[in-house]
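# Inside the fold
The chain contents come next:
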Amino acid sequence: MRGTTLVWFTHNLRLDDNPALYAALDSEQLICLFVTEPSWFRANRYSLQSLGQHRRAFLQQTLSDLDNRLKALGQKLIVWHETPLETLTQLVQSAKVNRIITAEHPGYYERHTLKQLHRRFPHLVCEVIDSQTLFRREQLPFEVAQLPDSFSAFRRKIEKLQRVPDAPLPTPTALPPPVSNLANKVIELPVASQHTRFIGGESGANTQLDYYFSTDLPSTYKETRNGLDGWDYSSKFSAWLANGSLSPRRLWQRIDRYEAEVVANESTYWLKFELLWREYFQWYAHRYDSKLYKFQGPFNRSPLTSFYPERFKAWCEGTTPFAIVNAAMRQLNQTGYMSNRARQLVASAFVHELGLDWRYGAAYFEQQLIDYDVASNWGNWQYLAGVGADPRGHRKFDLDKQTRIYDPQGVFIKTWQGEENCHPLPNSDYYDWPAP
Ligand code: FAD
């Protein structure tokens with residue numbers, strides 16, 4: 001196609017296996033855009049920030065890596081700090097853009113921006129391409145509106161038909177030239193990060209891919225995956241998958257290769273199984289749209305919870321009566337990461353022990369997690385709060401039993417000072433009664 005194409009990068013921050021970028025290769029000129037939204041830096045409806053410090057630093061590294069890779073092909077990344085709608089509107093007008101291509105996004109606002117833009121410019125070509133899922137929409141064995149209500153039913157359908165993802169696309173070797181005189185309008189994101197191994201961008205993702213698949217770790221994943229602390233018990237790909245500096249199809253292909261060259265066993269199957277969980281939540285977000293954030297979830301189940309500010313504060317800071325919860329929350333606050341097992345435990349405590357409104361827990365994770373992914377986060381929270389895709393209704397974990405199983409020597413709790421920070425719950429009833 002002739003003319004100027006704008007590729008709006010969102011959570012597909014890579015050149016490898018990037019179908020949106022591929023679709024733009026036939027343009028005369030190309031704008032590669034990323035928008036940092038002002039709303040990410042303001043308090044949201046939960047009085048929290050959408051983009052906390054850990055993910056900010058990771059994002060900064062990712063954008064700089066992407067820019068370097070684009071520069072090597074004669075392009076550059078344009079970063080604007082403005083609402084996406086305003087940014088796109090200004091660029092369509094000033095740079096005479098006739099086509100916008102972006103990755104399909106499970107987030108509600110991201111998807112609605114393009115609809116609004118299309119209303120403003122009815123002749124603009126807008127292409128939205130599946131880039132963050134293993135399967136394209138048309139490869140699914142059902143319409144998205146018919147997505148099964150449980151993960152197991154979803155997985156069985158995919159496995160029964162022996163559906164496998166397409167091979168990933170290679171990195172382009174040449175790109176159309178940039179539009180001249182386009183400058184960045186940016187704000188500073190912090191560059192420093194305490195994470196030595198979560199290095200943002202495709203380069204960091206490739207380092208972890210090469211490391212992980214050069215070890216025996218994939219062949220023991222099923223036995224180790226419930227670990228609480230350390231780098232090697234799980235794959236750690238989530239942060240790169242979340243902002244798209246790693247393609248899920250590339251990861252799937254690396255597992256295939258490992259299975260062909262090293263070993264195929266229950267553990268390698270389980271890695272794929274977990275990627276199918278991720279896949280399920282991506283399509284779940286598409287199917288339920290704004291209901292992903294709804295207190296009652298998509299099925300209108302009202303949880304018997306309320307909101308107690310002091311309990312919420314204690315949970316966030318890791319000063320609840322539960323040592324394992326405290327340890328995990330302190331780990332999250334300091335590193336931006338928490339294991340899958342611990343995420344389940346702190347979410348269960350949040351809903352079932354503290355009686356809190358699950359959406360605040362999800363919003364706190366959104367702020368803190370380095371691997372925050374809108375679909376996986378809100379979908380998992382709904383699941384644990386008993387308002388989502390769980391046929392069993394709710395998941396309540398026995399925290400003492402879980403501690404005995406997963407932290408039998410108390411090493412995790414000791415490392416993150418879970419015990420020292422145990423405090424009884426503030427007695428909120430006290431305030432409800434008039435003084436005698
Ligand atoms: P591994 O155990 O090595 O798994 C490999 C990959 O499979 C992960 O990178 C991830 O992409 C996928 N995966 C594994 N478990 C799940 C799952 N339960 N749901 C969806 N995908 C899964 N994951 C996120 O990526 N972003 C989030 O914001 C997020 N929020 C969560 C909130 C709660 C309450 C819970 C219980 C889980 C959440 N998860 C989230 C899922 C899971 O905890 C993380 O994906 C995992 O801990 C990341 O570490 P890893 O890459 O080493 O995972």
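Residues numbered from 1 in each chain as written. Predicted model: local features only at pLDDT ≥ 70, side-chain atom pairs only at ≥ 80, totals over all residues. Heavy atoms only, no water.

### What about unusual backbone geometry?
With phi around 65°, N181 is a residue other than glycine that occupies positive phi space. Tracing the sequence through the fold places N181 in the loop between α5 (151-160) and α6 (202-213). A relative accessible area of 78% means that N181 is categorised as exposed. Look at K236: it is not a glycine, yet its phi comes out positive at around 65°. (Helix = DSSP H or I, 4+ residues; strand = E, 2+ residues; numbered from the N terminus. Buried < 20%, exposed > 50% of the residue type's maximum accessible area, 1.4 Å probe, protein only.)

### Points about the sheet that holds strand β5 (residues 125-129)
Pairing is parallel in the open sheet, where five strands are placed in the order β3-β2-β1-β4-β5. With partners counted over all chains shown, the strands left at the sheet margins are β3 (77-81) and β5, one partner each. Taken over all neighbouring pairs, the strand axes of this sheet differ in orientation by 25° on average, direction set aside. When strand β2 (residues 29-36) meets β3, the two strands line up parallel, connected through five bridges. Residue pairing across strands places F34 opposite V79, the latter belonging to β3. (Pairing = 2+ DSSP bridges. Axes fitted to C-alpha atoms, helices over the stretch in contact; angles between N-to-C directions.)

### With respect to the pairing of β5
Summarising the sheet, strand β4 (residues 97-103) and β5 pair through five bridges and their orientation is parallel. From the neighbouring strand, T102 faces β5, where its bridge partner is V128. You can see the chain leave β4, run along helix α4 (residues 108-120) and come back into β5, and the turn it takes is right-handed. (Right-handed = clockwise from strand over helix to strand, strands pointing away.)

### Comments concerning the side chain of E366
Counting through the fold element by element, E366 comes out in helix α14 (residues 358-368). It turns out E366 is buried and unbridged, and the closest side chain with the opposite charge, R55, is 5.3 Å from it. Beyond its immediate sequence surroundings of up to four residues, E366 is in contact with S50, R55, Y372, N377 and W378. (Lys, Arg positive; Asp, Glu negative; His and termini not counted. Salt bridge = Lys/Arg side-chain N within 4 Å of Asp/Glu carboxyl O. Contact = heavy atoms within 4.5 Å.)

### Some words on helix α12 (residues 323-335)
Helical geometry note: an α-helix holds 3.6 residues per turn, so side chains three or four residues apart project in the same direction. Between its first and last C-alpha atoms α12 spans 18 Å; for 13 residues at 1.5 Å apiece the expected length is 18 Å, and the two agree. Considered for burial, the residues of α12 that qualify are A323, I324, V325, N326, A327, A328, M329, Q331, L332 and N333. Buried residues in α12 make contact with α2 (53-71), α11 (309-317), α13 (340-353), α14, α16 (399-406) and α17 (411-415). Within two residues after α12, G336 carries a phi angle of roughly 85°, on the positive side. (Expected span 1.5 Å × (residues − 1).)

### Some thoughts on the nonpolar core
Counting residues in hydrophobic clusters, the biggest one holds 89 residues, and the most contacted among them are Y280, F312, W315, W358 and W381. Sorting elements by how many residues they give to this core places helix α10 (residues 266-288) first, with 12 residues. Those residues within four positions of F312 in sequence are excluded, and the remaining contacts are L48, F307, F350, L356, Y360, G361 and Y364. Formed by 21 residues, the second largest nonpolar core is a distinct cluster that contains A24, W40, F41 and L51. (Core = buried A, V, L, I, M, F, W, Y, C linked by side-chain atoms within 4.5 Å.)

### Details of the site of the ligand
In the vicinity of the ligand lie 25 residues, with Y221, S234, S235, K236 and Y337 positioned nearest. Within the side chain of Y221, one N or O atom sits 2.5 Å away from an oxygen atom of the ligand. The separation between an oxygen atom of the ligand and a polar main-chain atom of K236 is 2.6 Å. Burial of the ligand by the surrounding chains reaches 97%, relative to a free accessible area of 810 Å². (Near = heavy atom within 4 Å. Polar contact = N/O pair within 3.5 Å; in protein donor to acceptor, adjacent residues only side chain to side chain. Areas by Shrake-Rupley, 256 points an atom, 1.4 Å probe, with all protein chains shown as cover.)

### Focus on the domain arrangement of the protein chain
Segmentation of the protein chain into domains returns domain 1 (2-131), domain 2 (202-293) and domain 3 (309-415). One C-alpha centre belongs to domain 1, the other to domain 2; they are set 25 Å apart. Each partner contributes residues to the interface: domain 1 has 23 residues there, and domain 2 has 21 residues. D16 serves as the salt-bridge partner of R250, at 2.6 Å between the closest nitrogen and oxygen. (Domains from an automatic or database assignment.)

### Notes on the packing of aromatic side chains
The full count for this structure, using the stated rule, is 40 aromatic pairs. With 5.4 Å between their ring centres and 25° between their planes, W277 and F281 make a pair best called stacked. Here F281 and W277 lie together in helix α10, a separation of four residues that amounts to about one turn. Residue class for W277 comes out buried when judged on its relative accessible area of 18%. Consider the rings of Y293 and W378, whose centres lie 5.2 Å apart with planes at 70°: the pair is edge-to-face. Here the residue Y293 occupies a position in the loop between α10 and α11, and W378 occupies one in helix α15 (residues 374-385), the gap between them amounting to 85 residues. W378 gets classed as buried once you look at its relative accessible area, which sits at 2%. The ring of Y211 is capped by R197, whose NZ or CZ atom sits 4.8 Å from the centre of that ring. Cation over ring: K222 sits above W270, and NZ or CZ is 4.6 Å from the ring centre. (Phe/Tyr/Trp six-rings, centres within 6.5 Å; stacked < 30°, edge-to-face > 60°. Lys NZ or Arg CZ within 6 Å of the ring centre and 35° of its normal.)

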